[in-house]
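Residue strings, one per chain:
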Amino acid sequence: MVHLIRGFKDILPNEVEIWQHIEKTVKMIFEDFGFSEIRLPILERTELFSRSIGEDTDIVEKEMYTFADRKGDLITLRPEATASAVRSYIQHKLYAVDPIQKFYTIGPMFRRERPQKGRYRQFYQINAEVFGVESPFIDAQLIYMLMLLFSKLSVDDISPHINSLGCLACRPKFKEALVTFLSGKTDQLCSDCKRRKDKNPLRVLDCKVSSCQEALEGAPATLDHLCDGCREHFEKVKDLLEKLKVEFVVNKRLVRGLDYYTRTTFEIQTGSLGAQSAVAGGGRYDNLVKILGGPDTPAIGFAIGLDRLVEITNLKKDVYEKRLNVFIATLGENSREMAFEWACDLGSSEMSVEIDFSNRGLKGLMKRADRLKAEYVLIVGDKELEEGSAVLRNMKTKEQVSVPVEGIVDSVRKIVL
Ligand code: HAM
């Protein structure tokens, strides 16, 4: 047989319930905070990602699924959604309707990383993006919204790590200090970092190779090189988080793996996922709309790793598990004919219903009802039908009542709902 591609996975029906519950909760909370859903394509021109995420990043250099389509155009399975959200904001001139736009989107992303627990080649993200707001209030509000979502989803053992990467005004001085620092460390750097250190030295800060990590001991941090505007902005974000009683860690080493970030960056880190500690990440990208050809527009957003979130939630099964209201067990040809219509009627009156069309006996049918976690079983035998009634069994209390065939759909509905 043909198997799955490495790093890809099926999400089976019994696993999907928690995904649906999380997605429903996300939609509720994000919409309460003024976000609207946007649906974006999975394929985009390669150039969109190389220009926004950055040519020297691991994602663009090593991880994208890129291929030429039949006409020879280079296209890429999206490794993230921010670039597409920006493209859409510009392409549809949404800024002309209102420069402030708040989107969220949920869907698959693709990165050809080495698969391991919490790291897949097709994974899912929940993205939220805000355009047109420069104020630090939105930075704090986004982090607050994320933490609220995690608490609603019973995720413990997480903490927001925050940092500021500065802006176009303070970046050059910082770069200079970093390049000077790195020039004495060239021997310790991996081959990627040797190549990147002059062109894009910030990328070295994000390198996971242990010799590079050691070489970075004592390296300058953006936080110590912020201009007045960026410092005030960051101070305000911290004040607001304190006001909102969000506990956070200032992490000078948090640089993120994508080039577009400016000012506030953050990651929600967890101790529950082994090597993959980030369950969400984001930050400002105040220059990206302009870089991609739109008007100068500040922006900020984040993405949650949905696969990772599913792995660390402590939600109890009964919160998200689907229930089957009624299982109809028919015992005989006549009863099946009759109950078939009831099943369709019940199913169209806001109840979940399963009817078994096989010829198995009552024992087998009850077993299946148990497996499907039915709340009630409607037992319909030819003999009972002759007497004009069926039996409704409450699977929890084991109580049974006789229900007349006349008006059975309404009667069952009244009892079950
Ligand atoms: P990112 O840090 O690359 O940021 O990804 C965000 C989250 O996606 C990570 O924290 C992680 O939970 C999840 N993730 C990433 N790669 C994988 C993988 N291979 N397998 C499973 N989960 C993964 C971004 O993508 C930015 N676009 C976030 C953003 C939105 N910044 C501003 N707006």
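Report follows, based on the coordinates.

### Observations regarding the sheet that holds strand β5 (residues 101-110)
Then, number 1: If you walk across this open sheet you meet the eight strands as β1-β5-β6-β11-β10-β9-β7-β8, and the pairing is mixed. Since the sheet does not close on itself, it has two edges, and those belong to β1 (36-37) and β8 (249-250), each with one partner.
Then, number 2: Here strand β7 (residues 158-164) runs beside β8; their pairing, made up of two bridges, is parallel. Of the residues in β8, the one forming a bridge with Ile162 is Val250.
Then, number 3: Each of β5, β6 (122-131), β7, β9 (262-270), β10 (278-284) and β11 (299-305) touches helix α6 (residues 136-152); the most contacted strand, β11, lies at about 15° to it.

### Some points on the packing of helix α1 (residues 13-32) against α6
Then, number 1: Where α1 meets α6, the closest approach of the two axes is 10 Å, and the angle between their N-to-C directions is 145°. In this structure, α1 crosses over α6, and the sense of that crossing is right-handed. Of the residues in α6, those touching α1 at Thr25, Val26, Ile29 and Phe30 are Met145, Leu148, Leu149 and Lys152.
Then, number 2: Along the lines of polarity and charge, the residues of the contact of α1 with α6 split into six nonpolar, one polar and one charged.

### Comments concerning the pattern of salt bridges
Between side chains of opposite charge, pairing is possible as soon as their charged atoms come close.
Then, number 1: Evaluated as defined, the whole model comprises 32 salt bridges.
Then, number 2: We note a salt bridge from Lys27 to Glu37, for which the minimum N-O separation is 3.9 Å. Of this pair, Lys27 sits in helix α1 while Glu37 sits in strand β1, and the two are ten residues apart along the sequence.
Then, number 3: According to the relative accessible area criterion, Lys27 is partly exposed, its value standing at 30%.
Then, number 4: Judged by relative accessible area, Glu37 falls into the partly exposed class, the value being 32%.
Then, number 5: The partner of Arg196 in a salt bridge is Glu61, with the nearest N and O atoms 2.8 Å apart. Of the two residues, Arg196 sits in helix α8 (residues 191-199) while Glu61 sits in helix α3 (residues 58-63), which places them 135 residues apart along the sequence.
Then, number 6: Among the charged side chains, a salt-bridge network with shared partners connects Asp58, Glu61, Lys62, Asp192, Arg195 and Arg196.

### Regarding the sheet that holds strand β2 (residues 43-45)
Then, number 1: One open sheet holds the three strands; their spatial order is β2-β4-β3, and the pairing between them is antiparallel. Every interior strand has two partners, whereas the edge strands, β2 and β3 (65-68), have only one. When strand polarity is set aside, the average angle formed by the axes of neighbouring strands in this sheet is 35°.
Then, number 2: One ladder, built from three bridges, connects β2 with strand β4 (residues 74-77); its direction is antiparallel. In the strand pairing of β4, Glu44 is matched with Thr76.

Parameters and conventions
- Residues numbered from 1 in each chain as written.
- Predicted model: local features only at pLDDT ≥ 70, side-chain atom pairs only at ≥ 80, totals over all residues.
- Heavy atoms only, no water.
- Pairing = 2+ DSSP bridges.
- Helix = DSSP H or I, 4+ residues; strand = E, 2+ residues; numbered from the N terminus.
- Contact = heavy atoms within 4.5 Å.
- Axes fitted to C-alpha atoms, helices over the stretch in contact; angles between N-to-C directions.
- Left-handed = near helix turned anticlockwise from the far one by under 90°.
- Nonpolar A, V, L, I, M, F, W, Y, C, P; charged D, E, K, R; others polar.
- Salt bridge = Lys/Arg side-chain N within 4 Å of Asp/Glu carboxyl O.
- Buried < 20%, exposed > 50% of the residue type's maximum accessible area, 1.4 Å probe, protein only.

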